[in-house]
Amino acid sequence: MTSQPQPSPVIRVAGRADAGPVAGVLGRAFDDDPVWRWLLPDDGSRVRRLTLLFRTALRHVHLRHGATEATGRGAAVEAAALWDPPGQWHIPLATQARQALPLLRVFGARVPAALRTLGEIEAHHPREPHWYLSVLGTDPAAQGNGLGGALLRSRLDRCDAGALPAYLESSKEQNVPYYERFGFRVTRELALPGKGCPPVWLMWRDPAPGG
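Residues numbered from 1 in each chain as written. Predicted model: local features only at pLDDT ≥ 70, side-chain atom pairs only at ≥ 80, totals over all residues. Heavy atoms only, no water.

Per an unreviewed UniProt entry, the protein carries the name GNAT family N-acetyltransferase and comes from Actinomadura fibrosa.

Some thoughts on the packing of aromatic side chains
This structure, assessed with the given rule, holds 8 aromatic pairs. A centroid spacing of 6.5 Å and a plane angle of 75 degrees characterise the contact between Trp83 and Trp131, whose relative ring orientation is edge-to-face. With Trp83 in strand 3 (residues 79-84) and Trp131 in strand 4 (residues 131-138), this pair connects stretches of sequence that are 48 residues apart. The same class applies to Trp83 and to Trp131, which are both buried. Where Tyr167 meets Trp204, the ring centres are 6.4 Å apart and the plane angle is 50 degrees; that geometry is what we call tilted. Here the residue Tyr167 occupies a position in strand 5 (residues 166-170), and Trp204 occupies one in strand 7 (residues 200-205), the gap between them amounting to 37 residues. No difference in accessibility class separates Tyr167 from Trp204, as the two residues are buried. Taken together, Tyr178, Tyr179, Phe182 and Phe184 form an aromatic cluster joined through their ring pairs. Above the ring of Trp38, the side-chain terminus of Arg110 is found at 4.6 Å from the ring centroid. (Phe/Tyr/Trp six-rings, centres within 6.5 Å; stacked < 30°, edge-to-face > 60°. Helix = DSSP H or I, 4+ residues; strand = E, 2+ residues; numbered from the N terminus. Buried < 20%, exposed > 50% of the residue type's maximum accessible area, 1.4 Å probe, protein only. Lys NZ or Arg CZ within 6 Å of the ring centre and 35° of its normal.)

Topic: the environment of Tyr178
For Tyr178, the position within the fold is in helix 8 (residues 176-180). Residues contacting Tyr178, with those up to four places away along its chain left out, are Gly148, Gly149 and Leu152. Within the structure, Tyr178 has its side chain in polar contact with the backbone nitrogen of Gly149 (distance 3.0 Å). (Contact = heavy atoms within 4.5 Å. Polar contact = N/O pair within 3.5 Å; in protein donor to acceptor, adjacent residues only side chain to side chain.)

Now the structure itself:
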């Protein structure tokens, strides 16, 4: 008896109604992330705080761009990719001000450490036009089903068609080979400020020739 091939995940653009489900997925997905564990050391509240962080980022930044995509094996959201179009990765000061109170709720006394860390990462962001993969995450219960890869291919195929590069920061070393399989290469291992803070790996992808 042969197994039936699984259908490819359906990729869709996320809307405002998806902010909660996508944030929940990403909060759970990044619970074991080294940098976020350093910034939010309390195991008991990390998922809740991360969910609030991603919900805030979605509503104030990413959903406005119309480039956040979600997928799952059924109707539920199980994975999401937060992309920023060329020239739109930098958050304006007015938007930063609107996020101030939610960020205080997320980080509490860790706000200064978070601002230093995120500021250092932003300082090394490439300035040439590119698509920026801000966040890619799959619910831990749904990992291993190709959802993240489907989300990556969805945008990267369009990057190739438009002859545009892509960029991301990996905060987990074990994910570097995964992204390399999609054409990304490490341009720098970036040390971050703060005693014991793990590094991030800056990764760039040139468009495939003939895309």
